[in-house]
Amino acid sequence: MLNIKNLHATVGGRHILQGLNLQVGEGEVHAIMGPNGSGKSTLAHVLAGRDGYEVTGEVTYEGRDLLAMLPEERATGGVFLAFQYPVEIPGVGNLYFLRTALNAIRKQRGLDEFDAMDFLEFAKAQMKLVEMDPSFMNRSVNEGFSGGEKKRNEIFQMAVLEPKLAILDETDSGLDIDALRIVASGVNALRRKDRAMLVITHYQRLLDYIEPDHVHVLANGRIVQSGDKNLGRQLEAQGYTGLNVPVTAG
Amino acid sequence: MIERSILYYYEVITSYGLGEVGQGVADAPMGTLQTDIREIANREYKYGFVTDLPADAVPRGLSEDVVRLISAKKNEPEWMLNWRLKAYRYWVQLKKSEAEPTWARVHYPPIDYQDIIYYSAPKPKKALKSLDEVDPEVLAMFNKLGISLAEQERLSGVAMDAIVDSVSVATTFKKKLADVGVIFCSFSEAVQNHPDLVQKYLGSVVPYTDNFFATLNSAVFTDGSFCFIPKGVRCPMELSTYFRINAADTGQFERTLIVAEEGAYVSYLEGCTAPVRDKNQLHAAVVEIVALEGAQVKYSTVQNWYPGDAEGRGGIYNFVTKRGKCAGARSKISWTQVETGSAITWKYPSVVLQGDDSVGEFYSVALTANRQQADTGTKMIHIGKNTKSTILSKGISAGFGQNTYRGRVRVGKSATGAQNHTQCDSLLLGSTCGAHTIPYIEVKNPTARVEHEASTSKIREDQLFYCRQRGIREEDAVSMIVNGFCREVFKQLPMEFAVEAQKLLSVSLEGCVG
Amino acid sequence: MGAMDTRGQTFVQRLSCVPESNGGLTAFRRAALEWVSEHGFPTTRDEAWKYTQVSPILDIPFTPAQQGMDLGLSPGWIDQHAGRLGGVRLVFINGFFAKGLSSFEDIPQGAKITNLASVEGSFSQSLKDQPNAFTALNTALARDGAFIQIPKNVVLETPIHLVFVSGTESEPTMSHPRSLVVAEAGSTATVVETHLGAATGTGRYLSNAVMDVALGEGAVVTHIYVQNEAETAFHLSHLGIRPGAGSRVTTHSVALGGRIARQEVKVMFNAPGAQAVLNGLYMPMNKQHIDNPTAIEHIAPQCESRTLYKGVIGGQGVGIFDGRVVVHPGAIGTDSSQANKNLLLSDTAQANTRPRLEILADDVKCAHGATVGQLDDQAIFYLRSRGVPVQVARDILTLAFADEMLNLIPMTALRSHVRERAMLRMRAEAQEVIG
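Residues numbered from 1 in each chain as written. Chains lettered and ligands numbered in written order. Predicted model: local features only at pLDDT ≥ 70, side-chain atom pairs only at ≥ 80, totals over all residues. Heavy atoms only, no water.

(A) Expanded view of the overall build of chain A. Counting its regular elements, chain A contains eight helices and 12 strands. In terms of overall dimensions, chain A is globule-like: its C-alpha atoms have a radius of gyration of 18 Å, near the 18 Å expected for 250 residues. Oriented by its inertia axes, the alpha-carbon framework of chain A measures out at about 55 × 40 × 35 Å. Contacts in chain A between residues at least 24 apart in sequence constitute 69% of all its contacts with a sequence separation of at least 6. (Helix = DSSP H or I, 4+ residues; strand = E, 2+ residues; numbered from the N terminus. Rg over C-alpha atoms; globule rule 2.2 N^0.38 Å. Contact = heavy atoms within 4.5 Å.)

(B) Expanded view of the sheet that holds strand S12 (residues 222–227) of chain A. Residues and elements named next belong to chain A. An order of S6-S9-S10-S3-S11-S12 is seen for the six strands of this open sheet, with the pairing classed as mixed. Here the strands that pair on one side only, and so sit at the sheet edges, are strand S6 (79–82) and S12. Sheet twist, expressed as the mean angle between neighbouring strand axes with direction ignored, is 20°. When strand S3 (residues 29–33) meets strand S10 (residues 196–201), the two strands line up parallel, connected through five bridges. By the bridge assignment for S10, Ile32 is matched with Ile200. The sheet contacts of helix H5 (residues 147–161) involve S6, strand S9 (165–169) and S10, and relative to S6 the element is tilted by about 165°. (Pairing = 2+ DSSP bridges. Axes fitted to C-alpha atoms, helices over the stretch in contact; angles between N-to-C directions.)

(C) Structural detail: the pairing of strand S11 (residues 214–219) of chain A. Residues and elements named next belong to chain A. Burial runs high along S11: five of the six residues are buried. Across four bridges, S3 lies against S11 in parallel orientation. Bridging from a neighbouring strand, Ile32 pairs with His216 of S11. Pairing between S11 and S12: five bridges, direction antiparallel. When the sheet's bridge partners are listed, His216 is paired in S12 with Ser226. Linkage of S11 to S12, two consecutive antiparallel strands, is achieved through a turn of two residues, within which Asn220 is found at a positive phi near 50°. (Buried < 20%, exposed > 50% of the residue type's maximum accessible area, 1.4 Å probe, protein only.)

(D) The arrangement of the interface of chain B and chain C in detail. Counting residues at the interface gives 34 residues for chain B, matched by 33 residues for chain C. Summing the contributions of chain B and of chain C, the shared interface buries around 2700 Å²; its carbon and sulfur component is 48%. Where chain B meets chain C, there are two salt bridges. Across the pair C:Asp363 and B:Lys458 runs a salt bridge whose closest N-O atoms are separated by 3.8 Å. Counting every contact that joins chain B to chain C gives 13 residue pairs in polar contact (both at pLDDT 80 or more). Looking at the side of chain B that touches chain C, the elements that each hand over two or more residues are strand S18 (402–411), strand S20 (434–443) and strand S21 (449–458) of chain B. In terms of residue class, the side of chain B that touches chain C is built from 12 nonpolar, 12 polar and 10 charged. (Buried area = accessible area lost by both parts, 1.4 Å probe. Salt bridge = Lys/Arg side-chain N within 4 Å of Asp/Glu carboxyl O. Polar contact = N/O pair within 3.5 Å; in protein donor to acceptor, adjacent residues only side chain to side chain. Nonpolar A, V, L, I, M, F, W, Y, C, P; charged D, E, K, R; others polar.)

Encoded structure:
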């Protein structure tokens, strides 16, 4: 469903992705691991369509040219990014925000829009997945949330928006062990045959909970090694240097 | 559902006290608003109805004769005429000494005060055949207020029999307010029917010498609302006034006076619109509020006068003086304003905190898009002990808009224990607009606690991206974020007004973003 | 400013004529005086002078001070009252250079530190901003001041101390010191500017000083200003700063003296990536009126300004902070903050504060804040419960409030000197409270 060929991305004169190739099939869970500065977050941003990158190469998503689509078109087309640093939007209610987003996606899929009451019922059910307190829904988007709460909110949003391709950008960073368990079990509950996931992480520990089908090592803007879940454990034991992966800044 | 009484001014300039037709609505069905709408329209004359009021009775321009003529046409008592004349003479002095304010951060070509029609004779209503002939904006306002279609027909004068009907309806409604002693009528009526009250309070908060525009208003004001809540009465419904300017080349000068006696409470709403005109029109209103001991007055405005076109042609000059006096102990006056319209807004709804433990509040959203300019804010004058004031201002600038918050917090020597908290936030949409924050903080009492905070920002790229990544279009995301920015102010408005304000904001931003 | 009223006219007429100078300078001075005649003196209707009336100054028949007054000064007296900082010290009496009281220790190679009058053509280099009546008067009437030029990449280890002593023995006099500091690219310097009332003859005088500071690319300048004029005196000063690209300037203003004093700091960011930090402390007591306008113009992009001023106001004193930050179109990446905190010590003290922001560019980060309050009752009680007498408790807390600013002054010797002066001011207040 996702096919990335020779992807290059440059930001502020820095060449970050340098010919990345990756194929993700329907329902597959891929983990992308790599040292800091290897281009992991850039990959997530480029796939979601963030401005500010000069991008070349080819990315097809369900046969469409993903790079030609606006961020909101990608989102309504089923691409979801769980942000590493979810943004606070003061004054905009969490629930209102999410209903607006869901209705945009439902409209695209030819479904009826949810009204406030129906949506509330639907949302409450999904909240349980990440053990989220319903009181969060009345607060502004991410405002005053702790790091762990923000990450849980991202997974909750993913549950509500039901994407076909979920990109989790360092969803484990900044989480204590309990929060990590909650987030991971939420993600596992959302694994489906028709939902692919790209789990981007620095550490193996998330992969102890979310077992990937494939693990790739990203370094210097390229996939330098691919394997099964054991590759992650190997990395954990030996570190990135142990794999003889060149590590440079950028 | 809250009950609400509405005074509806349709082209106020030409209307009051002359040939007016009182209209109202029967008790609305459960769950909708009960309204009493007094509409005095000046639509295009077609059916030749009135002959004895020539339309050219008052010439263009301002003179003592014009002031006398206005007063005479309104059949005013001598004290009222004298007050107008004192104001007029003072205004002539001000004009001579070039006292038209220039300190505000707004720019406009000099106003030719002799080129304004200060009073034009009312023209009678034409009989409309169907609702289709009614000004769509008026209908929109009716819908907004939750008035049923049948009522709309009656209100718009479509069904003539309904007008006949409604005279008695209005009386029924008035009876409901009269039962508790509330007076809510046009200012002209108040001058005729409650001269003692008007004489006692008129100018007691905004004297005719107050400032250039208030002085002008005092000389030539046409009409407005009068509202009196007697001691201990909680007004059983919200009171509304809806203003609309329709005629070209006219200035509009309403005067509103609200008096809440000891322990009384009233929530008052004011809405305004004006049609598209390519010439600027002057609107110089005055609002005075008096709150006696323990009284509370909540005044909400959604101002949507015509702002001019994208190139800055036309639009209303909204030069308004609004001030409340917390005359008694433990009284409270709260201003909430949403300013999306007008080419230029010059307006500082203020509170004089005279009574001990009195409270003043100012909540404001001001949006300037295209070529709009706003210089708006408040004054909180602390005189009594332990007086408290809160200021929350949200300014949004887009296009070539210039938005200035100007606020004065003054703590006098006597105001022991006074407290103020001010928060001013500005949001910039685009690089060609401006946001300015000009506070004046003057403290003469050491026990006062005054805090002022302000910030200026733009919508962050990461906030927009976050929304778009969730499938929300950029324009909707901007509107959502801007509304979020204003939420704390919208919370202060009655529910329907808050919804209306949000919509207005989104509409005003259309085409300004991207 | 409008046309001149009679009061202003009389004031200007008394000046009779501008000093005769070389070349085009006389014409330059005449033009400045004409500017004053044409525009008049500011009134409280001028936004920039809203809280300071100049009429009490204009009502006094000031005449230009003459050279050669000794006012009972000695190097030891200067040490005692201005602080002994080591390094170069230039002393000026009523705007005239006092070579005998100055010292020229440790002038680094290539640096030029002298009196302005001795440097040909230096005068017209300064004051490029829009004048006001008093800076124009300074242009017309200045006799001397300091001239400092730090060559490229030179780092000055010791501060340059400029001491301006004023006083009069009989008639009211005025002086107009004019100084120029040029810190070339990559240089580093600290300039201390002290304004003092003389030991004797501290009658009614007006000191109207102007200093211009130009920073080259990447230069670092620290400017410390200590104003401790006589309480009968009038003091007006203007510090104009033009930072070069990537330069850094820090100013510390401590305003203690004067009957009416107004010390303006103006920063024009015309080059990108520069930073200005403006710190200030003002302590009007008795019947003093101290006004602190700051004006920061962000014209170039990516500049940063930080303003923090604190006021300690006692007696019938009036303290004013009038901050203005303007972000011009195109000044993207501007980061500006302004804060003003005031402590009122008496029932008759007054604080006026006006932190203004005018923003005409969108990619900016700007914030400002202001507070006015009094000493924390609980803190006073806490100290009293530990046996500290009430007045001492108040002094301790007041000083703690002021110390936030004083502690930012970089040199220990100067810091303790200024702190001592500040405590003397506070004691003037304490006497009043007790008495």
